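Structure assessment
The lines below spell out each chain.
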Amino acid sequence: MEREFTDPAGRQDDSYVGSVIPDVSPAGPNATADVFDGTLPADLQVGVLSDLNSIQVHIKQGIPLLPFGGENSHAAEQYRIVRTKILQHSARPRSLVMTSAESGDGKSVSAVNLAGVLALNPEFNVLLVDGDLHRSSLARYFGVDSSPGLAEVITGKATLSESVRRVEPFSNLFFLPGGKSQTGPADLFNTRRWKEIAGALKEQFTFCVIDAPPAGVFADFDLIQEQVEGVVLVVREDHTNRMLWMRALQNIPTQKMIGVIMNCVQPWFLGKSFGYYQYYYYSKYYTGRDD
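Residues numbered from 1 in each chain as written. Predicted model: local features only at pLDDT ≥ 70, side-chain atom pairs only at ≥ 80, totals over all residues. Heavy atoms only, no water.

1. Some points on the overall build of the protein chain
- A count of helices and strands for the protein chain gives nine helices and 13 strands.
- Expressed as a percentage of the 291 residues in the protein chain, the buried residues total 54%.
- Across the protein chain, the fraction of contacts at a sequence separation of at least 24, relative to all contacts at a separation of at least 6, is 82%.
- Accessible surface for the protein chain amounts to roughly 12,700 Å². Of this, 48% is attributable to carbon and sulfur atoms. (Helix = DSSP H or I, 4+ residues; strand = E, 2+ residues; numbered from the N terminus. Buried < 20%, exposed > 50% of the residue type's maximum accessible area, 1.4 Å probe, protein only. Contact = heavy atoms within 4.5 Å. Areas by Shrake-Rupley, 256 points an atom, 1.4 Å probe, with all protein chains shown as cover.)

2. Things to note about unusual backbone geometry
- The peptide bond linking Ser 147 to Pro 148 adopts the cis configuration, its omega dihedral lying at -5 degrees.
- Mapped onto the fold, Pro 148 is located in the loop between helix 3 (138–142) and helix 4 (150–155).
- The step from Glu 168 to Pro 169 runs through a cis peptide bond, and the omega angle for that step is 15 degrees.
- Looking at the element boundaries, Pro 169 is found in the loop between strand 6 (165–168) and strand 7 (173–176).
- Phi at Arg 92 takes a positive value of approximately 50 degrees, unusual for a residue other than glycine.

3. Looking at the pattern of salt bridges
- Under the counting rule described, the total for this entry stands at five salt bridges.
- With a shortest N-O distance of 3.0 Å, Lys 107 and Asp 132 are connected by a salt bridge. Note that Lys 107 is positioned in helix 2 (residues 107–118) and Asp 132 in the loop between strand 5 (126–130) and helix 3, a separation of 25 residues in sequence.
- Owing to a relative accessible area of 4%, Asp 132 belongs among the buried residues under this scheme.
- Glu 168 is the salt-bridge partner of Arg 166, the closest N and O atoms lying 3.8 Å from each other.
- It is possible to trace a salt-bridge network through shared partners that takes in Lys 107, Asp 132 and Asp 211. (Salt bridge = Lys/Arg side-chain N within 4 Å of Asp/Glu carboxyl O.)

4. Overview of the packing of helix 1 (residues 73–88) against helix 2
- Relative to each other, helix 1 and helix 2 sit at 70 degrees, their axes nearing to 9 Å. Here helix 2 runs roughly perpendicular to helix 1, going by the angle between their axes. Of the residues in helix 2, those touching helix 1 at Tyr 79, Arg 80, Val 82, Arg 83, Ile 86 and Leu 87 are Val 109, Ser 110, Asn 113, Leu 114, Val 117 and Leu 118.
- Residues of the contact of helix 1 with helix 2, tallied by class, amount to eight nonpolar, two polar and two charged. (Axes fitted to C-alpha atoms, helices over the stretch in contact; angles between N-to-C directions. Parallel < 35°, antiparallel > 145°, perpendicular 65-115°, else oblique. Nonpolar A, V, L, I, M, F, W, Y, C, P; charged D, E, K, R; others polar.)

5. Describing the pairing of strand 10 (residues 257–263)
- Burial analysis of strand 10 places six of its seven residues in the buried class, which makes it a mostly covered element.
- Here strand 9 (residues 230–236) pairs with strand 10 via six bridges, running parallel. By the bridge assignment for strand 10, Val 235 is matched with Met 262. (Pairing = 2+ DSSP bridges.)

6. Points about helix 9 (residues 242–250)
- Along helix 9, the residues that are buried comprise Trp 245, Met 246, Ala 248 and Leu 249. Projected down its long axis, helix 9 shows its buried positions confined to an angular sector of 160 degrees, all on one face. Facing away from the buried side of helix 9 by more than 90 degrees, the exposed set consists of Met 243 and Gln 250.
- On its buried face, helix 9 is in contact with strand 4 (95–100), strand 9 and strand 10. (Arc of directions from axis to C-beta.)

7. Considerations on the nonpolar core
- Membership of the largest hydrophobic core comes to 43 residues, with the highest contact counts inside it found for Leu 127, Val 164, Trp 194 and Leu 233.
- Core analysis: the next-biggest nonpolar cluster, separate from the first, contains 36 residues, Phe 68, Leu 96, Val 109 and Leu 114 among them. (Core = buried A, V, L, I, M, F, W, Y, C linked by side-chain atoms within 4.5 Å.)

8. Quick look at the pairing of strand 9
- Of all seven residues that make up strand 9, seven are buried, and the element is covered over most of its length.
- Burial along strand 9 is two-sided: Gly 230, Val 232, Val 234 and Arg 236 and Val 231, Leu 233 and Val 235, pointing in opposite directions, are all buried.

9. Quick notes on helix 7 (residues 192–204)
- The end-to-end C-alpha separation of helix 7 is 19 Å, in line with the 18 Å expected for 13 residues at 1.5 Å each.
- Listing the buried residues of helix 7 in full gives Arg 193, Trp 194, Ile 197, Ala 198, Gly 199, Ala 200, Leu 201, Lys 202 and Gln 204. (Expected span 1.5 Å × (residues − 1).)

10. A look at the environment of Leu 233
- Tracing the chain through its elements places Leu 233 in strand 9.
- Given the relative accessible area of 0%, Leu 233 is considered buried.
- Along the sequence, Leu 233 and Met 262 sit 29 residues apart, while their C-alpha atoms lie 8.7 Å from each other.
- With near-sequence residues (within four places) excluded, Leu 233 lies in contact with Thr 99, Ser 100, Ala 101, Trp 245, Ala 248, Leu 249, Ile 252, Met 257, Gly 259, Val 260 and Ile 261.

11. A word on the environment of Asn 190
- Along the polypeptide, Asn 190 turns up in the loop between helix 6 (185–189) and helix 7.
- Classification of Asn 190 as exposed rests on a relative accessible area of 55%.
- Separated by 29 residues in sequence, Asn 190 and Ala 219 place their C-alpha atoms 9.4 Å apart.

12. Focus on the side chain of Asp 132
- Only 3.0 Å separates the side chain of Asp 132 from the side chain of Lys 107, close enough to count as a polar contact.
- Of note is the side chain of Asp 132, whose polar atom sits 3.4 Å from the backbone nitrogen of Arg 135.
- In this structure, Asp 132 is in contact with Lys 107, Asp 211, Ala 212, Pro 213 and Pro 214, ignoring residues within four places of it in sequence. (Polar contact = N/O pair within 3.5 Å; in protein donor to acceptor, adjacent residues only side chain to side chain.)

Next comes the structure, spelled out in structure tokens:
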């Protein structure tokens, strides 16, 4: 199988998108193991989205978040390629998990930017969820309090409308932080309440992007991905351990695997320079799981 694609260079903190390798295996009609019965409890109704509490995002310099304001145009274009691959995927996934093999691969920044690029379409209402309760970071990136959040909604201490924030200056990007709880993440997600929440989010938002813990490392990854329609795996060149990568890949159901994002790709001698970023061309990537 041959694919040709481009990627920008730029190694800052956890993430710049390197390359996008689509997995074209269809997810099939039975990909989602969702027991949600379609009835929204009152505390899981977000109501009028424009009435939700809003947060003004001030991106810290040096963190490659939401590069869609005219600067970092090559990085922004790579996320548009990711968006296009997802929208054209045969599974038509509307709920997605962003995961990695280990910490530091850049999955959280990639989750923010995927949600952001989806929200550039004014017809989409997009929710970003911090589901990595082991190492919650998205609230810190946005400079907001992590509570109330997903943990409080699961335990019944907060409603969904109290916990979801609208992200300015995006008019249709929303954020559900991780929250705080004394209960372990695996126990929180191993509940009917989590399944109801996952179903409620899919009912009320066009797309839901969940930043999940590393695959194959924590039990709650399996409980989270069970309730979504697609999984995107993030790897980082010269960082991701090969054995951990293989373990992560094996822990993602084949029918839900949407594709792989390669982060922080090193400059290649055949690349063509475009200012600070560069494009690089690759012709082959083996997507099998037995190498």
